[in-house]
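# Residue-level structural notes
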Amino acid sequence: MTVAVLGTGIMGAAVARNWLRAGESVRVWNRTAETAEVLAPDGAVVCSSPASCVEGADVVVTVLFDAASVDTVITAAAPAPGTLWLQLSTVGVPGADDLATLAAKLGLVYVDAPVLGTRQPAEQGKLNVLASGPSDVRDRVEALCAPIAAKVTWLGEAGAGSRIKLVVNSWVLTAVAGLAQSVALADGLGLDPALFLQLVSGGALDMPYLHAKAPSMMERSYPVSFPVSGALKDASLVGALAGSVGVDRSVVDAAAALLSTAAERGFAEDDMAALYEAVRSPQE
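None of the values given here were measured: they were computed from a predicted structure.

Let us look at the environment of aspartate 42. Locating aspartate 42 in the fold gives a position in the loop between helix H2 (33–37) and strand S3 (45–46). When the C-alpha positions of aspartate 42 and alanine 16 are compared, they lie 9.3 Å apart, and in sequence the two are 26 residues distant. Residues within four places of aspartate 42 in sequence aside, it is in contact with Arg17 and Leu20. Among the polar contacts listed, one links the side chain of aspartate 42 to the side chain of arginine 17, at a separation of 3.0 Å.

This next bit is on the UniProt feature "domain: 6-phosphogluconate dehydrogenase NADP-binding" (unreviewed entry) in the chain. According to UniProt, the feature "domain: 6-phosphogluconate dehydrogenase NADP-binding" (unreviewed entry) maps to residues 2–156 in the numbering used here. Here residues 2–156 is 39% helix and 24% strand, with 26 Å between the C-alpha atoms at its ends.

Spatially, three strands are ordered S7-S8-S9 in an open sheet, and the strand pairing comes out mixed. At either end of the open sheet lies a strand with only one pairing partner, and these are strand S7 (115–116) and strand S9 (149–154). Alignment of strand S8 (residues 127–131) against S9, held across five bridges, turns out to be parallel. The residue of S9 that forms the bridge with asparagine 128 is lysine 151.

A ring pair, where both rings are aromatic, is described by two values, the distance of the centres and the angle of the planes. Going through the model one piece at a time under the given rule, you end up with two aromatic pairs. Ring centres 5.1 Å apart and planes at 55° place the aromatic pair tryptophan 85 and tyrosine 110 in the tilted group. Of this pair, tryptophan 85 sits in strand S5 (residues 84–87) while tyrosine 110 sits in strand S6 (residues 109–112); the two residues are 25 residues apart in sequence, bridging distant segments of the chain. A residue is classified by how much of its surface remains accessible, and tryptophan 85, at 0% relative accessible area, is buried.

Most of strand S1 (residues 2–6) sits out of view: five of its five residues are buried. By the alternation rule, side chains of S1 split into Thr2, Ala4 and Leu6 and Val3 and Val5, which are all buried. Two strands pair when backbone bridges link them, and S1 and strand S2 (residues 25–29) are joined in this way by five bridges, in the parallel orientation. Following the sheet pairing, valine 5 is matched in S2 by valine 28. Crossover S1 to S2 through helix H1 (residues 10–21) is right-handed. Two elements, S1 and strand S4 (residues 59–62), share four bridges in a ladder whose sense is parallel. Among the inter-strand pairings, alanine 4 is bridged to a residue of S4, identified as valine 60.

This part takes up the sheet that holds S1. The strand order across the open sheet built from six strands is S3-S2-S1-S4-S5-S6, with neighbouring strands paired in parallel fashion. The sheet terminates laterally at S3 and S6, the two strands that pair on one side only. The strands touched by helix H5 (residues 93–106) are S5 and S6; relative to S6, the strand with the most contacts, the crossing angle is about 165°.

On to helix H11 (residues 228–244), then. Taking 1.5 Å as the rise per residue, H11 with 17 residues should run 24 Å; its terminal C-alpha atoms sit 24 Å apart, in good agreement. Of the positions making up H11, those classed as buried are Val228, Ser229, Gly230, Ala231, Lys233, Asp234, Ala235, Val238, Gly239 and Ala242. Tucked into the core, H11 has its buried residues touching helix H8 (160–188) and helix H12 (250–267).

Rules and cut-offs
Residues numbered from 1 in each chain as written. Predicted model: local features only at pLDDT ≥ 70, side-chain atom pairs only at ≥ 80, totals over all residues. Heavy atoms only, no water. Helix = DSSP H or I, 4+ residues; strand = E, 2+ residues; numbered from the N terminus. Contact = heavy atoms within 4.5 Å. Polar contact = N/O pair within 3.5 Å; in protein donor to acceptor, adjacent residues only side chain to side chain. UniProt positions renumbered as here; feature names shortened; annotations may be inferred. Pairing = 2+ DSSP bridges. Phe/Tyr/Trp six-rings, centres within 6.5 Å; stacked < 30°, edge-to-face > 60°. Buried < 20%, exposed > 50% of the residue type's maximum accessible area, 1.4 Å probe, protein only. Right-handed = clockwise from strand over helix to strand, strands pointing away. Axes fitted to C-alpha atoms, helices over the stretch in contact; angles between N-to-C directions. Expected span 1.5 Å × (residues − 1).

Here is the structure:
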């Protein structure tokens with residue numbers, strides 16, 4: 001099987017490597033060529049254009065920033081009618097629906113399949129793929145995703161995956177913003193934030209993500225797993241979706257405002273744990 005991966009950032013590079021390790025033939029393309037070229041030593045065929053990447057491919061996979069970039073790249077690639085298109089990017093609900101329309105226009109078999117997981121689970125092949133699309137390709141998609149995912153959650157018709165992904169990301173974004181508030185408050189009071197973690201550890205208020213993100217905040221070092229820029233894009237998608245269905249968006253808008261501040265302070269491509277930098281005064 002030949003898999004064409006369009007977009008080789010943090011997530012795209014990880015899934016491409018896992019398919020290579022599984023023995024698949026993998027072609028890769030990225031707008032910044034150097035980002036794709038690092039996969040050549042792993043056995044990937046680096047392509048100069050989206051069209052050359054998808055030519056003759058059995059499966060086309062998009063792992064790009066947003067709906068607009070996915071639309072542009074797939075339109076330029078123009079995969080052959082009947083090609084399976086596995087769309088892993090987080091594109092929001094209107095974006096997912098627009099891409100379904102594009103797929104129908106091009107005659108592609110569209111599976112909306114955003115993923116749960118960041119850099120480490122992606123590299124370990126332990127993502128949760130939120131797949132939605134035609135039921136007759138379910139078995140094929142689950143087999144395809146075996147090297148990249150610990151789990152494939154099948155959700156029905158295309159678009160369902162993008163809907164539940166934003167529900168989950170709403171929780172992720174607001175939880176990390178709340179964590180940044182608590183760590184910063186402890187710092188501001190002259191307390192060791194580790195005491196906060198100790199007090200919630202093992203109880204009803206504990207969660208693994210606290211222990212994943214708090215050390216970065218405490219060290220003020222943010223090796224990227226989920227960048228501020230991506231989190232801000234997702235917060236905007238969640239807010240717009242909430243507003244469209246009559247749900248108050250003020251909580252996620254507060255997280256978005258903090259992410260925007262972190263980006264303005266120079267942390268756009270750092271991990272979203274840099275929300276801490278938006279909560280603390282820039283002079284501290």
